[in-house]
Amino acid sequence: MADYKDPENTILLELKGGTVVIELLPDVAPAHVARMKELARSGAYDNVAFHRVIPGFMAQTGDVAHGNMENDFNLGRAGTGGSELPDLPAEFSKIPHARGSLGAARSANPNSANSQFFINFTDNNFLNGQYTVYGQVTSGMEHVDAIQTGEPPANPDRMISVKVAADA
């Protein structure tokens, strides 16, 4: 296993091109970090589609209810659901939505984040203070950049597996 600064708070996101390493920010957004680790450990994120991928903006995934490409997948519903767990309160911070940052996707209600998240392709400062940032890609961003684009993509890419590094 590679050496990670904090394996308990590091996510290994396996994409078709390779592994994306995400350093989680438990001191900044503890509830969002805990939720991601809980869903990763349960296998809920495995095979979930990237259902909204906008070039120059971000790649969104994490709809564990409707996005699993191996379990009654319906591309038209992907992005409309979350997990069976309760929604999370916003954990806004001064951390910017920089390239490679992980943000909590939500509805218009700031306290509606659940399982969906997005990875910023570029610095998206207009999102600062409006969406919870709870992680940062530390390696493998080239694999994120290669995700099939579209809203939704005609042939979406998926998260093959999502693991906490401490468990890998």
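See above for the structure.
The rules behind these values
Sequence order as written defines residue numbering, which begins from 1 separately in each chain. With the structure being a predicted model, the display of local features is reserved for residues of pLDDT at least 70 and the display and counting of side-chain atom pairs for 80 or more, all residues being used for whole-chain, interface and lining totals. Hydrogens and water are ignored here; the side-chain numbers use all heavy atoms of the structure. Here, any two strands with at least 2 DSSP bridges between them count as paired. Under the DSSP-based scheme used, a helix requires at least four consecutive residues in state H or I and a strand at least two consecutive residues in state E, with every element numbered from the N terminus. Three labels apply to residues, based on accessible area from a 1.4 Å probe with only protein chains included: buried if under 20% of the type maximum, exposed if over 50%, partly exposed otherwise in between. What makes a salt bridge here is a side-chain nitrogen of Lys or Arg within 4 Å of a carboxyl oxygen of Asp or Glu, nothing more.

Attention now goes to the sheet that holds strand S5 (residues 101-104). The nine strands lie next to each other as S8-S3-S4-S6-S5-S7-S2-S1-S9, forming an open sheet whose pairing is antiparallel. Lying at the two open borders of the sheet, with one neighbouring strand each, are strand S8 (158-159) and strand S9 (161-164). Pairing of strand S3 (residues 48-54) with S8 involves two bridges; the strand directions are antiparallel. Of the residues in S8, the one forming a bridge with Val-48 is Met-159.

This next bit is on the environment of Ala-165. Residue position: Ala-165 is located in the segment after S9. Classification of Ala-165 by relative accessible area gives buried; the value is 0%. For the pair formed by Ala-165 and Leu-12, sequence separation is 153 residues and the distance between their alpha carbons is 6.0 Å.

Alternating residues of strand S6 (residues 117-120) divide into Phe-117 and Ile-119 and Phe-118 and Asn-120, and every residue in both groups is buried. The pairing of strand S4 (residues 58-61) with S6 spans four bridges and is antiparallel. Within S6, the position partnered with Thr-61 by the bridge is Phe-117. Note: S5 against S6, three bridges, orientation antiparallel. Bridge pairing links Ala-104 to Phe-117 in S6.

Next up on the list: the pattern of salt bridges. Taken as a whole and assessed by the stated rule, the structure comprises eight salt bridges. The residue Lys-37 makes a salt bridge to Glu-8 at a minimum N-O spacing of 3.3 Å. On the criterion of sequence distance, the pair formed by Lys-37 in helix H1 (residues 30-42) and Glu-8 in the segment before strand S1 (10-15) is long-range, its members being 29 residues apart. Taking the relative accessible area as the measure of exposure, Lys-37 reaches 13% and is therefore buried.

Shape descriptors only; they carry no functional weight alone.
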